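# A look at the structure
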Amino acid sequence: TMVLDPDLDIGAGKLIKVGPVYEVKAGDTLANVAGQFSTTVKKLLSVNPHLLAAPEAEIEAGEEMCILACTNQPAPSMSYKWAY
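For every chain, the first residue of the written sequence is number 1, and numbering continues from 1 along that sequence. For this predicted model, a pLDDT threshold of at least 70 governs which residues receive local features, and a threshold of 80 or more governs which side-chain atom pairs are given and counted, while totals over whole chains, interfaces and linings are taken from all residues. For the side-chain quantities, the full set of heavy atoms in the structure was used; hydrogens and water were omitted.

As a further point, take the overall build of the protein chain. Secondary structure elements are taken from DSSP: a helix is a run of H or I of four residues or more, a strand is a run of E of two residues or more, and numbering for both begins at the N terminus. Regarding its fold elements, the protein chain presents two helices and two strands. Its helices and strands in sequence order give the protein chain the pattern β-α-α-β, from N to C terminus. When a residue's accessible area, from a 1.4 Å probe over protein chains only, is under 20% of the maximum for its type it is buried; when over 50% it is exposed; and in between it is partly exposed. Classification of the 84 residues of the protein chain by burial places 23% in the buried group. Contacts between residues were defined by any pair of non-hydrogen atoms, one from each residue, lying within 4.5 Å. For the protein chain, long-range pairs separated by at least 24 residues make up 62% of all intrachain contacts whose partners lie at least 6 apart in sequence. Here the protein chain has roughly 6600 Å² of accessible surface; of this, 58% comes from carbon and sulfur atoms. Method for areas: the Shrake-Rupley scheme with a 1.4 Å probe, in which residue coverage is limited to the protein chains shown.

Take the environment of E60 next. Structurally, E60 can be placed in the loop between α2 (41-47) and β2 (64-66). Expressed as a C-alpha distance, the spacing of E60 and A26, which sit 34 residues apart in the sequence, is 7.1 Å.

Turning our attention to the confidence of the model for the protein chain. What pLDDT expresses is the predictor's confidence in each residue, scored from 0 to 100. Averaged over every residue, the pLDDT of the protein chain is 75; residues scoring 70 or more account for 61%. By mean pLDDT, the top-scoring element of the protein chain is strand β1 (residues 21-23) (91), and the lowest-scoring one is α2 (88).

A few words now on the environment of Q36. The residue Q36 is located in helix α1 (residues 30-36) in this model. When the C-alpha positions of Q36 and A69 are compared, they lie 10.0 Å apart, and in sequence the two are 33 residues distant.

So, on to the packing of aromatic side chains. Ring geometry is summarised as follows: Phe, Tyr and Trp rings, the Trp one being its six-membered ring, pair when their centres sit within 6.5 Å, and such pairs are stacked at plane angles under 30 degrees, edge-to-face over 60 and tilted between the two. Per the counting criterion, the structure on display carries one aromatic pair. Aromatic side chains Y22 and F37 sit 5.2 Å apart centroid to centroid with 65° between the ring planes, which places their arrangement in the edge-to-face category. Of the two residues, Y22 is situated in strand β1 and F37 in the loop between α1 and α2; the sequence distance between them amounts to 15 residues. Here Y22 falls in the buried class, since its relative accessible area comes to 9%.

Most peptide bonds take the trans form, and the phi angle of most residues other than glycine is negative. One non-glycine residue, S38, adopts positive backbone phi at about 55°. Structurally, S38 can be placed in the loop between α1 and α2. Of the residues examined, S38 reaches a relative accessible area of 16% and is grouped as buried.

Quick look at the nonpolar core now. In a soluble, globular protein the nonpolar side chains are often hidden away together inside. In terms of nonpolar packing, the biggest core is built from 11 residues, these being Y22, V24, L30, V33, A34, V41, L44, L51, I59, M65 and I67. Listed by contribution, the elements that provide at least two residues to this core are α1 and α2. In terms of residue count, the dominant contributor to this core is α1 (three residues). The term nonpolar core refers to a set of buried residues drawn from Ala, Val, Leu, Ile, Met, Phe, Trp, Tyr and Cys, joined through side-chain atoms within 4.5 Å.

The subject of this paragraph is the environment of G62. Considering the arrangement of structural elements, one finds G62 in the loop between α2 and β2. Residue classification places G62 among the partly exposed residues on the basis of a relative accessible area of 41%. Between the C-alpha atoms of G62 and E23, which are 39 residues apart in sequence, the distance is 5.6 Å. For G62, the contacting residues outside a window of four places in its chain are E23 and V24.

Here it is in structure tokens:
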């Protein structure tokens, strides 16, 4: 659900998605999902409090989770030239 009016009163316990949604695949862990999206396990847990905190534990396939990338690191697809 997209919130179009920031002054809208959202009831307690209502699920709000704060970023892109990823559907967990079989064998995914918090650590490998974090690596795939250039974020951290801590960031994933901060926006997905329903997930278990064990980074290497498998997440249930089909579960949806919000993904927020860390902004202090460049995306892996970016290339840089070094001047010497």
